[in-house]
Amino acid sequence: GTIRRGTNLQVAYFDQLRAQLNPEWTVQDNVAEGSDQVMVDGQPRHVLSYLRDFLFSPERARQPVKALSGGERNRLLLAKLFTRPANLLVLDEPTNDLDTETLELLESLLVEFSGTILLVSHDRALLDNVVTSSLVFEGDGLVRDYVGGYEDWLRQRDPPPSTAAVKTAGLTQAAQAATPAPKAPAAKLSYKEAKELAELPARIEAMEAEQGALQTRLSDPALYQGGDAAAVVTVRARLAELEAQLAAAYVRWERLEARR
């Protein structure tokens, strides 16, 4: 494909693998890069005051990044992101490992952002509260743009083929019979299916974590410099297998959710 870039485009990218953070630097150095000031919305702010907005105490701000929890690292990445002059934010799973306070902070920051946001997330509540349009991959290379968030897409999308087929069959039967047969009640989830639905998000998250690790490994030049061609093949094969498993898991999740 091709990419057409607009003029004066300034992109800031949130990486769920946190590759933009230096683990040996302190929290404040990762944000201010040695300075005691940061620029936020064109105005200078003291870095410790700014980090307090992201729930970092002055003591915690002086700790090295390697001492932080996963949630704190995500919070730090958000703090660093919003010091960058940008009119396009690209956010890849920004809610991973965030606590409730940080989720609320992120939501308010995104709502107040004056530029464009490209957001990839499994957090349906965040999508419904923040986004104004949804790009949906519908198979066979088709991507459609829907107004609103996840719930809006559910209302606007075409019914699944199975539902349409049932309706068509029902109309045919009604035309042939003197009186239409009563509709069968929708099958409820069994205990096993309900348990599967509850476990699917964690399964998907684990597969995506492995997928991210494999993608990082494939982008590492060291993998190709060792002369072990079999290792490259193995990683690519596992990555392809994960992509197929993820696609199947998403379909299963959607079907179980619809029945619930």
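Everything discussed here concerns the structure shown above.
Residues numbered from 1 in each chain as written. Predicted model: local features only at pLDDT ≥ 70, side-chain atom pairs only at ≥ 80, totals over all residues. Heavy atoms only, no water.

## Thoughts on the overall build of the chain
Link 1 in the chain: Within the chain, the secondary structure is distributed over 11 helices and seven strands.
Link 2 in the chain: Counting over 260 residues, the chain shows a buried share of 31%.
Link 3 in the chain: Total accessible area on the chain stands at roughly 16700 Å², and carbon and sulfur atoms take up 54% of it. (Helix = DSSP H or I, 4+ residues; strand = E, 2+ residues; numbered from the N terminus. Buried < 20%, exposed > 50% of the residue type's maximum accessible area, 1.4 Å probe, protein only. Areas by Shrake-Rupley, 256 points an atom, 1.4 Å probe, with all protein chains shown as cover.)

## Focus: the nonpolar core
Link 1 in the chain: Leu 51, Leu 76 and Phe 82 are the most contacted members of the largest nonpolar core, which has 35 residues in total.
Link 2 in the chain: Of all elements in the fold, only β1 (11–14), α1 (27–32), β2 (37–40), α2 (47–52), α4 (70–81), β4 (88–92), α5 (100–112) and α6 (124–130) reach the threshold of two or more residues within this core.
Link 3 in the chain: Take this core: its biggest share by element is five residues, from α4.
Link 4 in the chain: Among residues more than four places away in sequence, those in contact with Phe 82 are Val 40, Tyr 50, Leu 89, Leu 109, Leu 110 and Phe 113. (Core = buried A, V, L, I, M, F, W, Y, C linked by side-chain atoms within 4.5 Å. Contact = heavy atoms within 4.5 Å.)

## Here we look at unusual backbone geometry
Link 1 in the chain: Phi angles above zero are rare outside glycine, and Asn 8 is one such case at about 60 degrees.
Link 2 in the chain: Examined against the element boundaries, Asn 8 turns out to sit in the segment before β1.
Link 3 in the chain: We note that Glu 93 has phi near 50 degrees; this positive angle belongs to a residue other than glycine.
Link 4 in the chain: Tracing the backbone shows Glu 93 in the loop between β4 and α5.
Link 5 in the chain: Among the residues examined, Glu 93 registers a relative accessible area of 6% and is labelled buried.

## A look at the sheet that holds β4
Within a sheet, each strand pairs with its neighbour through backbone hydrogen bonds, oriented either parallel or antiparallel.
Link 1 in the chain: The strand order across the open sheet formed by three strands is β1-β4-β5, and the pairing between neighbours is parallel. Unpaired on one side and paired on the other, β1 and β5 (116–120) mark the two borders of the sheet. Ignoring which end each strand starts from, the neighbouring axes of this sheet average 10 degrees apart.
Link 2 in the chain: With four bridges connecting them, β1 and β4 associate as parallel partners. Its bridge partner lying in β4, Phe 14 is registered against Leu 91.
Link 3 in the chain: Packed on one face of the sheet, α4 meets β1 and β4 and runs near 175 degrees to β1. (Pairing = 2+ DSSP bridges. Axes fitted to C-alpha atoms, helices over the stretch in contact; angles between N-to-C directions.)

## Here's the deal with the packing of helix α9 (residues 191–218) against helix α11 (residues 229–259)
Link 1 in the chain: Put simply, α9 and α11 touch, their axes get as near as 9 Å, and they point 155 degrees apart. By the angle between their axes, α9 is roughly antiparallel relative to α11. As for the relative orientation of α9 and α11, their crossing is left-handed in sense.
Link 2 in the chain: Partitioned by chemical class, the residues of the contact of α9 with α11 number 17 nonpolar, three polar and 11 charged. (Parallel < 35°, antiparallel > 145°, perpendicular 65-115°, else oblique. Left-handed = near helix turned anticlockwise from the far one by under 90°. Nonpolar A, V, L, I, M, F, W, Y, C, P; charged D, E, K, R; others polar.)

## Observations regarding the pairing of β5
Link 1 in the chain: Two elements, β4 and β5, share five bridges in a ladder whose sense is parallel. Bridging across to β5, Leu 88 finds its partner in Thr 116.
Link 2 in the chain: Crossover β4 to β5 through α5 is right-handed. (Right-handed = clockwise from strand over helix to strand, strands pointing away.)

## Examining the environment of Asp 145
Link 1 in the chain: Tracing the chain through its elements places Asp 145 in strand β7 (residues 143–147).
Link 2 in the chain: The sequence separation of Asp 145 and Leu 135 amounts to 10 residues, and the corresponding C-alpha distance is 4.7 Å.
Link 3 in the chain: With sequence-adjacent residues up to four places away left out, Asp 145 is seen in contact with Ser 133, Ser 134 and Leu 135.

## Comments concerning the packing of aromatic side chains
Each aromatic ring pair is characterised by the separation of its centres together with the angle its planes make.
Link 1 in the chain: Tallied over the full model, the rule gives three aromatic pairs.
Link 2 in the chain: Ring geometry for Tyr 250 against Trp 253: centres 6.5 Å apart, planes inclined by 20 degrees, an arrangement best described as stacked. Pair noted here: Tyr 250 and Trp 253 are both in helix α11, with a separation of three residues, about one helical turn.
Link 3 in the chain: Look at Tyr 250 and you get partly exposed, because its relative accessible area is 29%.
Link 4 in the chain: Classification of Trp 253 by relative accessible area gives buried; the value is 12%.
Link 5 in the chain: It is Arg 157 that lies over the ring of Trp 153; its NZ or CZ is 4.8 Å from the centre. (Phe/Tyr/Trp six-rings, centres within 6.5 Å; stacked < 30°, edge-to-face > 60°. Lys NZ or Arg CZ within 6 Å of the ring centre and 35° of its normal.)

## What to know about a nonpolar patch on the surface
Link 1 in the chain: Among the surface-exposed residues, Leu 118, Leu 135, Phe 137 and Val 143 lie close enough to one another that they form a single nonpolar patch of about 440 Å² accessible area.
Link 2 in the chain: With respect to the helices and strands, the residue Leu 118 is situated in strand β5. (Patch = residues over 30% accessible without salt bridge, like charges linked within 9 Å, V, L, I, M, F, W, Y side chains within 5 Å. Salt bridge = Lys/Arg side-chain N within 4 Å of Asp/Glu carboxyl O.)

## Points about the pattern of salt bridges
Link 1 in the chain: Overall, the coordinates contain 12 salt bridges when judged by the stated rule.
Link 2 in the chain: The closest approach of N and O atoms between Asp 53 and Arg 45, which form a salt bridge, is 2.7 Å.
Link 3 in the chain: For Arg 45, a relative accessible area of 26% translates into the label partly exposed.
Link 4 in the chain: Salt-bridge contacts for Arg 157 lead to Glu 254; the nearest nitrogen and oxygen are separated by 2.4 Å. Taken together, the residues span a long stretch of sequence, with Arg 157 in the loop between α7 (150–156) and α8 (161–176) and Glu 254 in helix α11 at a distance of 97 residues.
Link 5 in the chain: In this structure Glu 254 comes out as partly exposed when scored by relative accessible area, which is 31%.

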